Each structure stands twice: as C-alpha cells, then as structure tokens.
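# Structural description and commentary
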Amino acid sequence: MEDSKPCRYFSSVCTILAVLGLLVSGAASEVYTVGDSDGWNSAVDYGVWSQKYNFSVGDVLVFKYVKGQHDVYEVTESTFRSCDTSTGVLAKHTSGNDQVTLTEAKKYWFVCNVAGHCLGGMRFGIVVKGSITAESPAPAPQSGALAPPQINKNGDQALRGLSLWDYLILLGVSIQLCSVQ
Ligand SMILES: *[C@@H]1O[C@H](CO)[C@@H](O)[C@H](O)[C@H]1NC(C)=O
Ligand SMILES: [Cu+2]
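What comes next concerns the included structure. (Residues numbered from 1 in each chain as written. Chains lettered and ligands numbered in written order. Predicted model: local features only at pLDDT ≥ 70, side-chain atom pairs only at ≥ 80, totals over all residues.)

Along the backbone of the chain there are 5 helices and 8 strands. When its helices and strands are written in sequence order, the chain yields α-β-α-β-β-β-α-β-β-β-α-β-α. Relative to its full complement of 181 residues, the chain shows a buried share of 22%. (Helix = DSSP H or I, 4+ residues; strand = E, 2+ residues; numbered from the N terminus. Buried ≥ 20, exposed ≤ 12 C-beta atoms within 10 Å, placed from the backbone.)

Moving on to the environment of Y65. As for its placement among the helices and strands, Y65 is situated in the loop between strand 3 (60-64) and strand 4 (72-75). Take Y65: there are 23 C-beta atoms within 10 Å of it, and that puts it in the buried class. Along the backbone, Y65 and N97 are 32 residues apart, and their C-alpha atoms lie at a distance of 6.7 Å. Discounting chain neighbours no more than four positions away, the residues touching Y65 are G39, W40, N41, H70 and G96. (Contact = placed C-beta atoms within 7 Å.)

Here we come to the sheet that holds strand 2 (residues 55-56). The strand order across the open sheet formed by 5 strands is 2-8-7-4-5, and the pairing between neighbours is mixed. The outermost strands of the open sheet, each flanked by one partner alone, are strand 2 and strand 5 (89-93). Bridging between strand 4 and strand 7 (residues 107-111) involves 3 bridges; their strand directions are antiparallel. Bridge pairing in strand 7 links V75 to W109. (Pairing = 2+ DSSP bridges.)

Membership of the largest hydrophobic core comes to 22 residues, with the highest contact counts inside it found for F63, V72, F110 and V111. Elements supplying a minimum of two residues to this core: strand 3, strand 4, strand 7 and strand 8 (123-129). Ranked by residue count, the leading element in this core is strand 7, at 4 residues. (Core = buried A, V, L, I, M, F, W, Y, C linked by C-beta atoms within 7 Å.)

Turning to unusual backbone geometry, a few remarks are in order. Of note, D36 is a non-glycine position whose phi angle comes to about 50 degrees, a positive value. Positive phi, normally seen in glycine, also occurs at C83, with a value near 60 degrees. Among the structural elements, C83 can be located in the loop between helix 3 (77-82) and strand 5.

In structure tokens:
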C-alpha cells in the first residue's frame, strides 16, 4: 500500500511537467511575417525590418507575396552581398506563402531572385540566436541530423524543446522519489 504512493506522485508530476514544458517551450517559438503587414515586395526596406526583432532557433519566418511576382532564396553572405545567385543558394521557396523555420543558430541571408529585386532592396540578413534548449555552441551530431529542414508547426517545435528540459527535470524527480523510500 505504502509502496504505490511514490508511483502515483511520480505519474502526476510527470503529467504536470510535460504540460508545463509544452507551454513554456511553445511560447518561446515565434512566427514572424517578413515585412509585417506589407509582406514581401519591392516597396519595403528589409534592412530596417530585420532590425526590429530578435530571432531564436525554432522561430518561423513567413514570406507572403503573389506567387510568380517574387520568390525567396536563402543564400550565403557573399551571394547576399553580390545578388549573384549563380552560386551560394542554400534553399529556394516559391509558393507565395513560404514558411521558413530557423533551425540553426547562425546568420541567415535571404534575397528575392526576380531580376533586379535583390539589388533593389529585397534582401536582408538576420542573426538567429540559440534558444534555451539549444545553447551549446557545438551541438552533438545526432542520427537523423541530416534530414532536410521541414515545415514545422509550432507543436513540433514545442515537442522538440520539451525533451531536453523535461528529461533533466524528470531525472531529478525520479531520483528523489526513489531515494525517499
Ligand atoms: C533584442 O535583444 C537586445 C539585447 O538583448 C535588447 O536590447 C533588445 O531590446 C531586443 N529587442 C527586441 C525587439 O526584443
Ligand atoms: Cu521580388
């Protein structure tokens, strides 16, 4: 009878921590529409826009434009500076409602590849900082780390953030509960 008590405590603590972890890490992941209400077009100064926010790993950029009138290329810094996309293109997005999840702590560079638009100002760079759960400068390689970036909804981000924190907390809690008897 007495022995089942720690187990009951353990499972409710588990549930509470899991829910809290989801809330906290879910709240840390933001969605930014590039250009805010103006979207992605030739009339916006994206140098100014890119200074407005602090970006973290797990955040999502949304590029909104009329499909076919613009596009979004993620490029290297030198391609960003030259606007010459014959090299240095890391990813292409053309849907008109492109969701780009910032999966790494690094500098990201984006340009529009429609003729003249990059030189005309449709380009910006941002610094993406590590989130609380991804602060280590050299993350250990994981199996599956080579998987291509996916379009993630916030839920996926939250779940990814959940694991590190909560395993640590749960480990501490279970050690305490087990040593109490
Ligand atoms: C971004 O971070 C800096 C330094 O931590 C801070 O001073 C600034 O207020 C932040 N800006 C925004 C928009 O949160
Ligand atoms: Cu364009």
